[in-house]
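Examination of the molecular architecture
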Amino acid sequence: MRELWRKPFWPLVVLLLLNLVLAPGFFAVRLQDGRLYGSLVDILHNGAPVALMALGMTLVIATRGIDLSVGAIVAICGAVTCAWIAASPDPTSPGAAIGGIGVALGLAVALGAWNGFLVSVLGIQPIIATLVLMTAGRGLAQLVTDGQIITVNNPLFSAIAGGELLAVPLTVIVAAAVYALVALATRRTALGTLVEAVGINPAASRLAGVRARTLIWTVYVFSALCAGVAGLMISSNVNAADANNAGLWLELDAILAVVIGGTSLAGGRFSITGTLFGALTIQTLTTTILSLGIPPEVSLVFKAVVVIVVCLLQSPKARALLGRRRRRRGAAGGAPPADPPPGPPTPDPDRADGAATPIPAQRSTP
Amino acid sequence: MTAVPQPGPDAAPLLEMTGISVAFGPVRALDGVDFRLHAGEVHALMGENGAGKSTLIKALTGVYPVDAGRVVLDGAEVAFAGPAQAQAAGISTVYQEVNLCPNLSVAENLLLGREPRRWGRIDGRGVRRRAREVLARLHLDVDPASPLDSHSIAVQQLVSIGRAVQVDCKVLILDEPTSSLDADEVAELFRVISRLRADGVAILFVTHFLDQVYAISDRTTVLRNGRLVGEYRTAELPRLQLVSAMVGRELETLEQLERVPAEPASQAVAPVLAASGVSRRGAIEPVDLVVRPGEVVGLAGLLGSGRTELARLLFGADRADTGEITVDGTVLPMRTPRDAISAGVAFTSENRGAEGVVGDLTVRDNIVLAMQAARGLRRIPRRAQDEAAARWIEVLDIRPPDPDALLRNLSGGNQQKVLLARWLATGPRLLILDEPTRGIDVGAKAQIQALVADLAREGMGVVYISAELEEVVRLADRVLVLRDRRPVAELAGEDVEVDRVMELIATGHGEPDAERRGGADWEYGRSDA
Amino acid sequence: MTTAPPPVVGPSPVAAGGRAGRVPARFVPVLVTFGLFVALFAVGGLRYEAFASGQVLLNLLIDNAFLVVLAVGMTFVILTGGIDLSVGSVVALSTMVTAAMLRAGWSAPVVIVAVLAGGALFGLAMGAVIHYLEIQPFIVTLAGLFLARGLCYLIDLSSIPITDPLFRDLSQTAIPLGEDMFLTPSVLVALAAVAVGAYVLHLTRFGRTVYAVGGNQQSALLMGLGVGRARVGVYVISGFCSALGGLLFSVYLLSGYSLNAVGMELDAIAAVVIGGTLLTGGSGYVLGSLLGVLVLGTVQTIISFEGTLSTWWVKIVIGLLLLAFVVLQRILAVGPRRRRAPAPAPSAPAGRTDPPQGDG
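Residues numbered from 1 in each chain as written. Chains lettered and ligands numbered in written order. Predicted model: local features only at pLDDT ≥ 70, side-chain atom pairs only at ≥ 80, totals over all residues. Heavy atoms only, no water.

Right, let's talk about the overall build of chain C for a bit. In terms of regular secondary structure, chain C is built from 13 helices and four strands. Considering chain C as a whole, with its 360 residues, one finds that 54% of them fall into the buried category. For chain C, the share of sequence-separated contacts (at least 6 apart) that also reach a separation of at least 24 residues comes to 76%. Summing over all exposed atoms, chain C offers an accessible surface of approximately 14,200 Å²; the carbon and sulfur share of this is 67%. (Helix = DSSP H or I, 4+ residues; strand = E, 2+ residues; numbered from the N terminus. Buried < 20%, exposed > 50% of the residue type's maximum accessible area, 1.4 Å probe, protein only. Contact = heavy atoms within 4.5 Å. Areas by Shrake-Rupley, 256 points an atom, 1.4 Å probe, with all protein chains shown as cover.)

On to the overall build of chain A. Check the secondary structure of chain A and you find 15 helices and six strands. Each of the 366 residues in chain A was classed as buried or not, and the buried ones make up 53%. The long-range share in chain A, meaning contacts at least 24 apart out of those at least 6 apart in sequence, stands at 76%. When the accessible area of chain A is evaluated, it comes to approximately 14,900 Å², of which 68% is carbon and sulfur surface.

Residues and elements named next belong to chain B. One pass over the full model with this rule turns up 32 salt bridges over all chains. Where Glu77 meets Arg70, a salt bridge forms, and the shortest distance between an N and an O atom there is 2.7 Å. The exposure class of Arg70 is partly exposed, given its relative accessible area of 41%. Linking Glu387 and Arg383 is a salt bridge whose minimum nitrogen-to-oxygen distance equals 3.8 Å. Separated by four residues within a single helix, Glu387 and Arg383 lie in helix α14 (residues 382-395), roughly one turn from each other. Comparing Glu387 with Arg383 shows no difference in burial state: the two are exposed. (Salt bridge = Lys/Arg side-chain N within 4 Å of Asp/Glu carboxyl O.)

Residues and elements named next belong to chain A. With respect to the secondary-structure elements, Thr171 resides in helix α7 (residues 170-188). In this structure Thr171 comes out as buried when scored by relative accessible area, which is 2%. Side chain to side chain, Thr171 and His45 meet in a polar contact 2.7 Å long. With residues up to four places along the chain from it excluded, the contact list for Thr171 reads His45, Ala48, Ile160, Ala161 and Met233. (Polar contact = N/O pair within 3.5 Å; in protein donor to acceptor, adjacent residues only side chain to side chain.)

UniProt records the feature "transmembrane region" (unreviewed entry) for residues 44-61, 68-87, 93-110, 156-182, 215-234, 246-267, 274-294 and 300-318 of chain A in the present numbering. When the span residues 246-267 of chain A is considered, its composition is 50% helix and 0% strand, and the gap between its end C-alpha atoms is 28 Å. (UniProt positions renumbered as here; feature names shortened; annotations may be inferred.)

Another aspect to go through is helix α4 (residues 124-137) of chain B. All names here are of chain B. Across its 14 residues, α4 extends 20 Å between first and last C-alpha, which sits within 8% of the 20 Å expected from 1.5 Å per residue. Listing the buried residues of α4 in full gives Gly126, Val127, Ala131, Val134 and Leu135. Down the axis of α4, the buried set is contained in an arc of 165 degrees. They therefore lie on one face. Looking at the buried residues of α4, the elements they touch are α3 (106-111), β8 (121-122) and α5 (153-166). (Expected span 1.5 Å × (residues − 1). Arc of directions from axis to C-beta.)

So, about the nonpolar core. Of all hydrophobic cores here, the largest spans 249 residues; its most connected members are Ile255(A), Ile161(B), Leu172(B), Ile193(B), Phe138(C) and Ile139(C). Considering each element in turn, this core owes the most residues, 18 residues, to helix α2 (residues 54-79) of chain C. If near-sequence neighbours (up to four positions away) are discounted, Ile255(A) is found in contact with Met57(A), Ile66(A), Leu68(A), Leu265(A), Phe138(C) and Ile139(C). (Core = buried A, V, L, I, M, F, W, Y, C linked by side-chain atoms within 4.5 Å.)

Another aspect to go through is unusual backbone geometry. In this structure, Arg64(A) is a non-glycine residue whose phi angle is positive, near 75 degrees. Tracing the backbone shows Arg64(A) in the loop between α2 (39-62) and α3 (70-87). Exposure remark for Arg64(A): the relative accessible area of 18% places this residue in the buried category. Here the phi dihedral of Asp328(B) falls at roughly 50 degrees; this positive angle occurs in a residue that is not glycine. Position of Asp328(B) among the secondary structure elements: in the loop between β16 (322-327) and β17 (330-331).

So, about the packing of aromatic side chains. What characterises a pair of aromatic rings is the spacing of the ring centres plus the angle enclosed by the ring planes. For the structure shown, the criterion picks out 13 aromatic pairs over all chains. Site record: aromatic cluster; members linked through ring pairs are Phe37(C), Phe41(C), Tyr48(C), Phe51(C) and Phe305(C). Above the face of the Phe146(C) ring, Lys303(A) is positioned so that its terminal group lies 4.9 Å from the ring centre. Positioned above the aromatic ring of Trp392(B), the side-chain terminus of Arg391(B) is 4.5 Å from the ring centre. (Phe/Tyr/Trp six-rings, centres within 6.5 Å; stacked < 30°, edge-to-face > 60°. Lys NZ or Arg CZ within 6 Å of the ring centre and 35° of its normal.)

A few words now on a nonpolar patch on the surface. Residue and element names in this part refer to chain A. The grouping of Val13, Leu17, Leu18, Leu20, Val21, Leu22, Phe27 and Leu292 at the surface amounts to a nonpolar patch, some 710 Å² of accessible area in total. As for its position among the elements, Val13 is in helix α1 (residues 10-22). We classify Val13 as partly exposed; its relative accessible area is 40%. (Patch = residues over 30% accessible without salt bridge, like charges linked within 9 Å, V, L, I, M, F, W, Y side chains within 5 Å.)

All names here are of chain B. Counting buried positions along strand β15 (residues 296-300) gives five out of five residues, so the element sits mostly inside the fold. Both faces of β15 are covered, namely the face carrying Val296, Gly298 and Ala300 and the face carrying Val297 and Leu299. In this sheet, strand β20 (residues 461-465) lies alongside β15 in parallel orientation, the contact comprising four bridges. Note that in β20 the partner of Leu299 across the bridge is Ile465. (Pairing = 2+ DSSP bridges.)

It is worth spelling out the sheet that holds strand β9 (residues 171-175) of chain B at this point. Residue and element names in this part refer to chain B. Taken in spatial order, the six strands make up an open sheet running β6-β9-β10-β3-β11-β12, and their pairing is mixed. The open sheet terminates on both sides in strands that have one partner only, identified here as β6 (91-94) and β12 (227-233). Along the sheet, successive strands turn relative to each other by an average axial angle of 20 degrees, direction set aside. For strand β3 (residues 42-46) and strand β11 (residues 219-224), the ladder comprises four bridges, and the chain directions are parallel. Note that in β11 the partner of His43 across the bridge is Arg219. (Axes fitted to C-alpha atoms, helices over the stretch in contact; angles between N-to-C directions.)

Residues and elements named next belong to chain A. At a minimum axis separation of 7 Å, helix α4 (residues 94-121) and helix α10 (residues 212-238) run at an interaxial angle of 145 degrees. Regarding α4 and α10, the two cross each other, and that crossing is right-handed. Split by residue class, the contact of α4 with α10 holds 17 nonpolar, five polar and one charged. (Left-handed = near helix turned anticlockwise from the far one by under 90°. Nonpolar A, V, L, I, M, F, W, Y, C, P; charged D, E, K, R; others polar.)

All names here are of chain B. Relative to the helices and strands, Gln385 resides in helix α14. Take Gln385: its relative accessible area is 6%, and that puts it in the buried class. Along the backbone, Gln385 and Arg364 are 21 residues apart, and their C-alpha atoms lie at a distance of 7.0 Å. Within the local environment of Gln385, its side chain forms a polar contact with the backbone oxygen of Ile380, the two atoms lying 3.0 Å apart.

Once that is clear, we can look at a negative patch on the surface. All names here are of chain B. Side chains of Glu494, Asp495, Glu497 and Asp499 sit close together on the surface and give a patch of like negative charge. Within the fold, Glu494 resides in the loop between β22 (486-492) and α18 (498-507). Note on Glu494: relative accessible area 76%, which makes it exposed. (Lys, Arg positive; Asp, Glu negative; His and termini not counted. Charge placed at Lys NZ, Arg CZ, Asp CG, Glu CD.)

Here we take up the sheet that holds β15(B). Residue and element names in this part refer to chain B. Spatially, the six strands line up as an open sheet ordered β18-β19-β20-β15-β21-β22, and their pairing is mixed. Looking at the sheet topology across the chains shown, the edges are occupied by β18 (345-348) and β22. Each strand of the sheet is rotated relative to its neighbour by a mean of 15 degrees, with strand direction disregarded. As defined by bridge partners, strand β19 (residues 430-434) adjoins β20 across five bridges and the pair is classed as parallel. Counterpart to Leu430 in the pairing with β20 is Gly461. Packing against the sheet, helix α16 (residues 442-457) makes contact with β15, β19 and β20, and its axis sits at approximately 150 degrees to β20. Contacts from α18 reach β15, β21 (478-483) and β22 within the one sheet, and its direction differs from that of β21 by about 20 degrees.

How two helices sit against one another is set out by the angle between their axes and by the gap between those axes. Residue and element names in this part refer to chain B. Where α5 contacts helix α6 (residues 183-198), the two axes come as close as 10 Å, and the packing angle between them is 15 degrees. Between α5 and α6, the crossing angle belongs to the class labelled roughly parallel. For the crossing formed where α5 meets α6, the hand is right-handed. Packed against α5, whose contacting residues are Ala154, Leu158, Ile161 and Val165, the element α6 presents Glu185, Glu188, Leu189, Val192 and Leu196 at the interface. Counted by class, the contact of α5 with α6 contains seven nonpolar, no polar and two charged residues. (Parallel < 35°, antiparallel > 145°, perpendicular 65-115°, else oblique.)

Moving on: the environment of Ile367(B). All names here are of chain B. Among the structural elements, Ile367 can be located in helix α13 (residues 363-375). Ile367 gets classed as buried once you look at its relative accessible area, which sits at 0%. Considered as a pair, Ile367 and Ala425 are 58 residues apart in the sequence and their alpha carbons are 7.3 Å apart. If we ignore the near neighbours within four places in the chain, the residues touching Ile367 are Ala389, Trp392, Ile393, Ile398, Val418, Ala421, Arg422 and Ala425.

Right, let's get into the pairing of β9(B). Residues and elements named next belong to chain B. For β9, the buried fraction is high: five of the five residues fall into the buried class. Here β9 shows two buried faces, one formed by Val171, Ile173 and Asp175 and the other by Leu172 and Leu174. In the sheet, β6 pairs with β9 via four bridges, with the strands oriented parallel. By the bridge assignment for β9, Ile91 is matched with Val171. With five bridges connecting them, β9 and strand β10 (residues 202-206) associate as parallel partners. Bridge pairing in β10 links Ile173 to Leu204.

Written out as structure tokens, the structure is:
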């Protein structure tokens, strides 16, 4: 049972149960004008951008990286699309929207490639390599919009966030499709194992013939692309580009989603499903707070509490302290270094074969 | 025999551990072990991996609590709560990996945490003065103000010894300090150890190298499977007996390892590897090397002689500046390891932890990793993965035989076998092994050597590197001797013998050179095992 | 066979290395930052008439005093290889608490002490979670960021003016310095923070332990150093500095506001990195961080002098400077390669991938 608390879905379950008790209308879903409405739909719709960014972030973190620039990329992509649409001869035409989206996503790929270049070719620490774009990127977005909020009125562009397919919001469908695609790619191909190998031991992976550099480069491009799509969703949702605030601090939400989902920031093993649960948890929290009538600004305090609780429950050290399985080793003042991971030392497997290492030779007695 | 007076068996030992038992859950890591250490002696602690050497040291220094038994230091019973307490009582430990801070200066590393202070602040002049004193005591000529990472591992190792002995140190524990040092550096280390012994320090020395045991130690204690096998005066302990005490196995089985000299490979057979003029600036001068199918070619030389550097160039782990490498007659682009792998070359690095083991993946994932990497993203079907894992676990006797075990939970020897399996699974034509037996126990060592011999018999070409000349000479059909980053000679057939190789390493030519031989004699003294 | 090995003949292989009379590599980043600062200032002086005055230089300090204090705290944290994302929020929280407490009628000295103690406690809590529960600093201080900012909103959603006479006096005091030039008390506080920071880092055992932890935490532990104290201590220092920065900020703006100092943690990190401190820890100086703040300030001043350039250029230029310094550090790091290291591509942090070494 205790293992259950380590699974990434329980915070979400707890939140939903809370709503079941506190907000009776929470689970109501209704169909209106060919589109589903309700708190649950809102969670999926509003959570889609962060869920996408978190998906890209998961792969980046699995390779021992981190991508701080996704929030800035959200702003840049929104800005570029809206600026393109606004500047085109017919701002309401589908062509303008397609052009803008194409340019924005192309730019996202280029920015991801830039991050990947700094990390995989120049060998710069990911946190700082992407800090460059995090800092400069928002400035670039403001440069594009000239510091103004650009509003557009383009039906095709609005449809990204406002449209629906079979009554389900397009944002949800897009996000779900990308998740399904990535889940499939990591399960059915060797992508998952190779990404993990690179994250666990880059040098060994390279010598084993893994294209570590290409893989790392790819995950940064993918992360930026996810952020780009998220940026389109966010700016389409309000039909405007706000270079100052679009995507602000969303990189932190994305990282949070990954961590809540159970993927370690130290890289290596990752979980796509966990990240999905993490992203939904964050959005459910926000929606719950809104539906409970608590001022939205205070949601930050709850977010902090959730982060702390989830991380504490996932931390082996904290669980060891809380649980009763305190082994006598910890009692010693100079506790042994935490690396390799705590726990009683595994008996050396060599010990088992110590007496009977099979050397193909006959034994003779003295 | 020795330069220092030998404490008689009747003299009271400085440190006496009696009936020490340590258990981890149901596993008894130490079972009633006795251990004595006298002032002014070098005492070797020997045993295979898992024998309990590290556990004994950690029980002594308080890292692990002792379940039973007592520790008496200087006549008083002690029980330490941690290394810091042990150190305060005069027991200092130097570990295999240099445990210092590379970003700080030599002086700071010597004195961190015990800097002389004046009016509450660190007295910089006092720090430098004390550091100079310590360095002078070790006869170590380094600038105390220089950053630690500007020095070789050997100097760093000596600095950590300096750190250990500068406080009132009665017992100095050296846990495999020599595993990454070359012969000259070992000599330097031994010089320091001898000096400390003369000062009356009791030194506990753990090593895998038999020659070093005989070179430096006065007394030897052997552990096996957590129990004491015996304590011996080293000079009176024949090598074979020491080995048999360690492995608990009859000696004949070890002697079976002697490789039956293979048929000299015919010159007519097309070489699997032909390298000509391969070089890299600052690493190795141009080298020519030919390996034929079924041949084991040894690379011999000291650390830094270019043996590892050459192996890395052959595999493309580092890029060569000049030269051409052909595998099976096809010229390799040799830009990355992938080029080499696709041509059928396999390579295990000397640095198993950093460049081989993918610890958080399973044994199965590790075994198929190179195969998988060669295929790209197209996944190897699970069935095929399972078959490969099961096959290699059986062939190489990997313990535990569990494909789902995480590799980091295996012992060094078994990790090395998994890495070999990773490459053998790709069906290579040429296998480059850089120190495949370093730091692993005798049993696994023997298995790996036997495997190499078998592979060669089946027609694989092998390039074999080991710091232990005995091992190279035993396995290799030909030996390329490297010295100061350039090849000095290639020996074949009858010429492949330890003395010849040693002369070449020492002098660069075949003529004996009294001075250098003196230094190398003990280092590679012939082992009869 | 003799027990004592014969001495090695010839030059000892373990002789000293690199004793050349050039500038040690670890000072290079700071010198580069200093050079950059001088160059930027010279460019400003050449382009704009009123630029090259002592007062413009002093204004850099006056306008960035709080950032200097934050950068000092951040330097400590980054030297241990950690990071503190909460500083901006703690600054805002400090301004809010200060303003709210003063409004409630507490006396200024009590408020100051309470805010400083609160900041230190906040840091202590984060440091304890990071060290004792082994959770990454990034995540813990991210939670700190959310928590502190959320607490701001709990206190008040709107701006609270500060009318306390002491704070007013402090904000209006100008300390004359020669003719036509002046400083503010905030600058003195900031410079004192730099001085104390440098003293602690270089002349106390705590400070040396901070460097040791950043260099190699395992080693520091095995050397018997107070690793826990250092790792927790740096967050206490950073929390204290954030609170102090918050007080200076309150004096500067004479109000408390929840939206103050949004993103200031990035400025502080940028200043520290531009000041030559390695984000991996173990190398850097508070003096460098001061220079880093001055460089950021100069960029801002130049852009404001330019008039036609919009403010977002500041962000872009800071990003470019970050990039330049990161690449520079990368080049310096690749330079003095260890003899043994065959230098594989970006390699693993020591220990992580290492298997349990031969258990004996």
